[in-house]
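Below are the chains, spelled out letter by letter.
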Amino acid sequence: MRQDSCCRVLVSAPPAFYKMAGLSLIELMIALLLGVILTLGATQVYLGTSQTYRLTDAVAHIQENIRFASSMMQRDVRGAGGLACLQNESDVTVKLQGTRVVPIGDGILGWEADGTGVDDEHESEFSLAADASGWSEGGGAGVFPAELVGEVVAGTDVLIVNSVQSLPVEVTGSSTGRIDVDAASGIPQGRIILAVTEDCSAGELFQKANNATANSVTIAGSGFNPGNSPSTFALTYNAGAKVAAHSTVAYYIGVGTSGAPSLFRQRLDTAPEGPQELVEGVESMQVLYGVSTGVLKRADAYLSADNVTNWENVVSVRVAFVARSDDGANSEDVTRVFNLLGTEVTSPTDRRARLVATSTIGIRNRLE
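The structure reproduced in this document is the subject of the present report.

The rules behind these values
- Residues numbered from 1 in each chain as written.
- Predicted model: local features only at pLDDT ≥ 70, side-chain atom pairs only at ≥ 80, totals over all residues.
- Heavy atoms only, no water.
- Buried < 20%, exposed > 50% of the residue type's maximum accessible area, 1.4 Å probe, protein only.
- Helix = DSSP H or I, 4+ residues; strand = E, 2+ residues; numbered from the N terminus.
- Pairing = 2+ DSSP bridges.
- Salt bridge = Lys/Arg side-chain N within 4 Å of Asp/Glu carboxyl O.
- 1 Å grid on protein atoms, 1.4 Å probe; cavity = no way out; pocket = protein on both sides within 12 Å on 5 of 7 lines; lining within 4 Å.
- Points joined across faces, edges and corners; volume = space filled by probe spheres on them.
- Nonpolar A, V, L, I, M, F, W, Y, C, P; charged D, E, K, R; others polar.
- Axes fitted to C-alpha atoms, helices over the stretch in contact; angles between N-to-C directions.
- Patch = residues over 30% accessible without salt bridge, like charges linked within 9 Å, V, L, I, M, F, W, Y side chains within 5 Å.
- Areas by Shrake-Rupley, 256 points an atom, 1.4 Å probe, with all protein chains shown as cover.
- Contact = heavy atoms within 4.5 Å.
- Core = buried A, V, L, I, M, F, W, Y, C linked by side-chain atoms within 4.5 Å.

### Topic: the pairing of strand 12 (residues 261-267)
Thinking step 1. Most of strand 12 sits out of view: seven of its seven residues are buried.
Thinking step 2. Residue alternation in strand 12 divides its side chains into two sets, Pro261, Leu263, Arg265 and Arg267 and Ser262, Phe264 and Gln266, and both sets are buried.
Thinking step 3. Direction of pairing for strand 11 (residues 242-255) relative to strand 12: antiparallel, over a ladder of seven bridges. In the sheet register, tyrosine 251 faces strand 12, and the bridge partner there is arginine 265.
Thinking step 4. In sequence, strand 11 turns back onto strand 12 through a hairpin of five residues, with glycine 259 there showing a positive phi of about 90 degrees.
Thinking step 5. Bridge count between strand 12 and strand 13 (residues 276-280): four bridges; the pairing is antiparallel. Within the sheet, the bridge partner assigned to arginine 265 lies in strand 13 and is glutamine 276.

Below is the structure:
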């Protein structure tokens, strides 16, 4: 039997193994290193942005505080010295008893902290002085106010302002104990009032007895602190006369409720109301006084309080503050030296941001 064909069995070889794709150890390490670098870069950008935000926010907060402090002080200083027609102490009869009143002709008084004059160096410590021995007064400033003893941070100046704000009412007449006006005075009971005659030649400074809603201003007698002596008017106030709110306030640096140095304002002309904390974080205040030495009423020189010989010649005030932020505004501890009107003030070493603000305020009734 013939075999015509033969079956061929084709056996294919096993498929070849292809090389597997992947990362070598070196490539993996390089990739990890690049990832770490990118992560560190992103972290650095975040930290830098966060630090910039903290510093910017701190500076903005300081600037806001300084603007508020300056506006409060400017309002009082501009109205210092009484009305334009009453520039001399002898023009006004002071009826207040038992209290220290800054003479109406002075308007401004000051005490210079020892060792903080022009070209002096001072290191901030923020401790309250136990007595008044650390301040020097100018000519005729008198005794350091008793209300401020133990309240003022050592090495900072004290400014006292005697200011007058005219009331938006018209005088219609007067009697021995009352001045009649055409509307409610708006001045609370117990405040100090300056009454000026219609020809602006004389006036009386007294404590008010009735309340703010009354259409008159009465002079206080017994039962008030400090009260008046005598409790009657010596002058007659006809139509055209003026009544004005009078205030004697002290500006100084004290220690606030949080333990931080702060700018304070305290009334000295009525019964004690206690210190009023205005702005927290104000570390130092230095003050110079613009003194007119010529015929024209303009500041010819700026002097520290202990160099002022006649306060009636003061026509402007130059004030400089150092204000600080909360701790942590800077990324590292720093110590800085600030120039406050010629006084070099060294700050503590910490991470707070600090700014210096200087303003010059003219006394409205003194300048020409």
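There is more to say, and it comes next.
### Some remarks on the pattern of salt bridges
Thinking step 1. Enumeration over the complete set of coordinates arrives at ten salt bridges.
Thinking step 2. Between aspartate 76 and arginine 75 there is a salt bridge, and its shortest N-O distance comes to 4.0 Å.
Thinking step 3. Residue class for arginine 75 comes out partly exposed when judged on its relative accessible area of 46%.
Thinking step 4. Note that arginine 354 and aspartate 350 form a salt bridge whose closest N and O atoms lie 2.8 Å from each other. Here arginine 354 and aspartate 350 have matching classes, each one buried.
Thinking step 5. Because the salt bridges share partners, they merge into one network encompassing Glu283, Arg324, Asp350, Arg352 and Arg354.

### Details of empty space enclosed by the protein
Thinking step 1. In the structure shown here, the tally under the stated rule is two cavities of 30 Å³ or more.
Thinking step 2. Here the largest cavity defines a volume of roughly 40 Å³.
Thinking step 3. With three residues, the top contributor of residues to the lining of the largest cavity is strand 14 (residues 282-291).
Thinking step 4. Class assignment of the residues belonging to the lining of the largest cavity gives a composition of five nonpolar, five polar and two charged.
Thinking step 5. Reported here for the second largest cavity is a volume of approximately 30 Å³.
Thinking step 6. Around the second largest cavity, the lining residues are His122, Ser124, Glu125, Phe126, Val153, Ala154, Gly155, Thr156, Glu283 and Ser284.
Thinking step 7. Partitioned by chemical class, the residues of the lining of the second largest cavity number three nonpolar, five polar and two charged.

### What about the sheet that holds strand 16 (residues 314-324)?
Thinking step 1. Taken in spatial order, the four strands make up an open sheet running 15-14-16-19, and their pairing is antiparallel. Edge positions in the sheet fall to strand 15 (301-303) and strand 19 (354-362), since each has one partner strand and no second. Strand-to-strand twist of the sheet, defined as the mean angle between neighbouring strand axes without regard to direction, takes the value 25 degrees.
Thinking step 2. Here nine bridges tie strand 16 to strand 19, and the two strands are oriented antiparallel to one another. Paired with valine 322 across the strands is valine 356, a residue of strand 19.

### Thoughts on a nonpolar patch on the surface
Thinking step 1. Among the surface-exposed residues, Ile26, Ile30, Leu33, Leu34 and Ile37 lie close enough to one another that they form a single nonpolar patch of about 500 Å² accessible area.
Thinking step 2. Here isoleucine 37 is to be found in helix 1 (residues 25-78).
Thinking step 3. A residue is classified by how much of its surface remains accessible, and isoleucine 37, at 48% relative accessible area, is partly exposed.

### Describing the environment of phenylalanine 338
Thinking step 1. Counting through the fold element by element, phenylalanine 338 comes out in strand 17 (residues 337-340).
Thinking step 2. A relative accessible area of 7% places phenylalanine 338 in the buried class.
Thinking step 3. A sequence separation of 216 residues divides phenylalanine 338 from histidine 122, and the C-alpha atoms of the two residues are 9.9 Å apart.
Thinking step 4. Filtering out sequence-adjacent residues up to four positions away, phenylalanine 338 remains in contact with Val322, Thr343, Glu344, Val345, Ser347, Arg354 and Val356.

### Thoughts on unusual backbone geometry
Thinking step 1. Proline 226 follows asparagine 225 through a cis peptide bond whose omega is 15 degrees.
Thinking step 2. Along the chain, proline 226 turns up in the loop between strand 10 (216-218) and strand 11.
Thinking step 3. With an omega of -5 degrees, the peptide bond between serine 229 and proline 230 qualifies as cis.
Thinking step 4. With respect to the secondary-structure elements, proline 230 resides in the loop between strand 10 and strand 11.
Thinking step 5. A positive phi angle, close to 75 degrees, is found at aspartate 119, a residue other than glycine.
Thinking step 6. Within the secondary structure, aspartate 119 sits in the loop between strand 2 (108-113) and strand 3 (121-123).
Thinking step 7. By relative accessible area, which is 70% here, aspartate 119 ends up exposed.
Thinking step 8. In this model, cysteine 200 sits at a positive phi of 60 degrees, which is unusual for a non-glycine residue.
Thinking step 9. Secondary-structure assignment places cysteine 200 in the loop between strand 8 (192-196) and strand 9 (203-207).

### Structural notes on the nonpolar core
Thinking step 1. With 43 residues, the main nonpolar core has Ile108 and Tyr289 as its most contacted residues.
Thinking step 2. Elements represented by at least two residues in this core include exactly helix 1, strand 2, strand 5 (158-166), strand 11, strand 12, strand 13, strand 14 and strand 16.
Thinking step 3. Apart from the residues lying within four places of it in its own chain, the contact partners of isoleucine 108 are Val77, Ala80, Leu159, Ile160, Val161, Tyr289, Trp311, Val314, Val317 and Ile363.
Thinking step 4. One finds Val169, Val181, Ile187 and Phe206 within the second-largest nonpolar core, a separate group that totals 16 residues.

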